[in-house]
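# Descriptive analysis of the structure
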Amino acid sequence: MELKDLLLNLKIIMFGGKGGVGKTSCAASSAIWAAEHGRNTLIISTDPAHSLGDSLGVELPPGVPTPIEDINNLTGLEINPKANVAEFRGLTEMNPLEEMGMGDMMEGMPLLGDLEDLTSSNPPGIDEALAFGKILEFIETEHDYDLVIFDTAPTGHTLRFLGLPETLSGWIGKLIKMRMRIGKMFGAFKRMFSREEKKSDNSLEVLERLNQSIINARDDLSNPVKNSFIIVMIPEEMAILETGRLLNELIKYDIPVSNIVVNQLYQRTTELCDFCKGRREMQQKNLSNIKKIFQDKLNKILIEIPLFKEEIREYDKLKEMGEFLIG
Ligand SMILES: Nc1ncnc2c1ncn2[C@@H]1O[C@H](COP(=O)(O)OP(=O)(O)OP(=O)(O)O)[C@@H](O)[C@H]1O
Ligand SMILES: [Mg+2]
């Protein structure tokens, strides 16, 4: 499917690729186009080094979905990877003995030893995992937005992020089992010893909800009717190698890819200086390889975008980029 059709029909579109190639610009430009074509669109930056607000020319307070002024139907969100931990208190406050003032009893108990292990070793970067939990709300299709566009971090980080459902579901499955065992064991104790009503413990519920979200998110991400990953690259040999590796990883995670953006192409003009001529020749050689590999062999749709004289920022420039990106 062409990018235009993806923007009109899918639920999730992710932009990814090497550092500095134009992911944020392409994501922002696409989001404006989709919003202006009537889709209630949320654009989310998952890159801890956010630049989405800068690109759109607006202030995006961390972690708060913010309607973009002057563009109907468009909301922006820069994920705050740290602040979310508080929303998952049930995950971090999981010790019923401590709650009952009987923390000393933990010593020497094999079951609780396990729990300590799990919580102290901070499995797969707990802050990243919880940030992911937050994003899951928007990957699942139960929300107010027609389309969620992800502006992702450079390749390595994004792949870790996409692999999180697998890592997390193992980890959470373990926590749920343990939480149930602890809950059963100490439920009776709790009733015997605590006089006042304890604040309700929602940890099991939180875990189960998170686990279900992960399973749903995995399904949605691998469904070509719901999600597509757009790779953004520049016409250089290193970018070709990295795009090949990225494609392999996306296949491994079962994430559909149909379009590849080749950005920052030097155009043929009469007044090219020697330096620009050299750059253009290098790019054209690589572009022809990109066509052979990704278009002819792998059947991807290539989208070519010229190198602009100016920086691509804010509404007018993002719209101009959109003419090449979407048509
Ligand atoms: N086709 C283009 N012509 C001119 N400048 C461009 C083009 N595409 C992107 N840029 C500029 O290149 C810079 C990097 O673009 P952008 O922030 O979109 O890349 P990115 O892949 O998101 O980077 P990062 O990996 O740091 O998140 C920006 O200053 C942007 O304005
Ligand atoms: Mg970016």
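Description of the structure in this document. (Residues numbered from 1 in each chain as written. Chains lettered and ligands numbered in written order. Predicted model: local features only at pLDDT ≥ 70, side-chain atom pairs only at ≥ 80, totals over all residues. Heavy atoms only, no water.)

This part is about the pairing of strand 5 (residues 147-151). A large share of strand 5 lies buried, amounting to five of its five residues. Across the two faces of strand 5 the burial is the same, with L147, I149 and D151 and V148 and F150 all buried. Both strand 1 (residues 12-17) and strand 5 contribute to a ladder of four bridges, which runs parallel. Looking at strand 5, one finds that M14 is bridged to F150. Pairing geometry for strand 2 (residues 41-45) and strand 5, over five bridges, is parallel. Bridge pairing in strand 5 places S45 opposite D151. (Buried < 20%, exposed > 50% of the residue type's maximum accessible area, 1.4 Å probe, protein only. Helix = DSSP H or I, 4+ residues; strand = E, 2+ residues; numbered from the N terminus. Pairing = 2+ DSSP bridges.)

As a further point, take helix 12 (residues 314-325). For helix 12, spanning twelve residues, the distance from its first C-alpha to its last is 16 Å, which sits close to the expected 16 Å at 1.5 Å a residue. Among all positions in helix 12, only K317, L318, M321, G322 and L325 are buried. One face of helix 12 carries all of its buried residues, which in axial projection span an arc of 150 degrees. Structural note: helix 12 exposes D316 and E323 on the side pointing more than 90 degrees away from its buried face. Contacts made by the buried residues of helix 12 are with helix 1 (3-9), helix 2 (23-36), helix 3 (52-56), strand 7 (259-265) and strand 8 (301-306). Just beyond helix 12, the residue with positive phi is G327, at close to 100 degrees. (Expected span 1.5 Å × (residues − 1). Arc of directions from axis to C-beta. Contact = heavy atoms within 4.5 Å.)

Spatially, 3-4-2-5-1-6-7-8 is the arrangement adopted by the eight strands of the open sheet, whose pairing is mixed. With partners counted over all chains shown, the strands left at the sheet margins are strand 3 (66-67) and strand 8, one partner each. Pairing of strand 7 with strand 8, which is carried by five bridges, proceeds in the parallel orientation. What sits directly across from V261, in strand 8, is I303. Contacting strand 1, strand 2, strand 4 (74-78), strand 5, strand 6 (227-233), strand 7 and strand 8, helix 2 runs over the sheet at an angle of about 165 degrees to strand 5. (Axes fitted to C-alpha atoms, helices over the stretch in contact; angles between N-to-C directions.)

Attention now goes to the packing of aromatic side chains. On inspection of all chains with the given rule, the structure shows one aromatic pair. Relative to F324, the ring of F308 has its centre 5.9 Å away and its plane inclined at 80 degrees; by these criteria the two rings are edge-to-face. Of the two residues, F308 sits in the loop between strand 8 and helix 12 while F324 sits in helix 12, which places them 16 residues apart along the sequence. Assessed through its relative accessible area of 13%, F308 is described here as buried. Over the ring of Y253 we find K252; its NZ or CZ atom is 5.6 Å from the centre of that ring. (Phe/Tyr/Trp six-rings, centres within 6.5 Å; stacked < 30°, edge-to-face > 60°. Lys NZ or Arg CZ within 6 Å of the ring centre and 35° of its normal.)

This part takes up the pattern of salt bridges. Here the structure, examined in full by the defined rule, presents nine salt bridges. Between K252 and E249 there is a salt bridge, with its nearest N and O atoms 3.3 Å apart. Residue K252 and its partner E249 are located together in helix 10 (residues 237-252), separated by three residues, close to a single helical turn. Classification of K252 as exposed rests on a relative accessible area of 57%. Note that K317 is salt-bridged to E320, the shortest N-O span being 2.9 Å. Taken as a pair, K317 and E320 lie in helix 12 at a separation of three residues, close to a single helical turn. (Salt bridge = Lys/Arg side-chain N within 4 Å of Asp/Glu carboxyl O.)

It is worth spelling out the side chain of S228 at this point. With respect to the secondary-structure elements, S228 resides in strand 6. S228 has contacts with L6, L10, I12, I13, M14, P256, V257 and S258, leaving out every residue within four places of it along the chain.

Attention now moves to the packing of helix 2 against helix 12. A pair of packed helices can be characterised by two numbers: the angle between their axes and the separation between those axes. Close contact between helix 2 and helix 12 brings their axes to 8 Å; oriented N to C, the two are set at 85 degrees. With respect to helix 12, the axis of helix 2 lies roughly perpendicular. Where helix 2 abuts helix 12, its residues S25, C26, A28, S29, S30, I32 and E36 lie against Y315, L318, K319, M321, G322 and L325. (Parallel < 35°, antiparallel > 145°, perpendicular 65-115°, else oblique.)

Another aspect to go through is the environment of G244. Along the chain, the position of G244 falls in helix 10. Taking the relative accessible area as the measure of exposure, G244 reaches 23% and is therefore partly exposed. With 49 residues separating them in the primary sequence, G244 and I293 have C-alpha atoms 9.1 Å apart.

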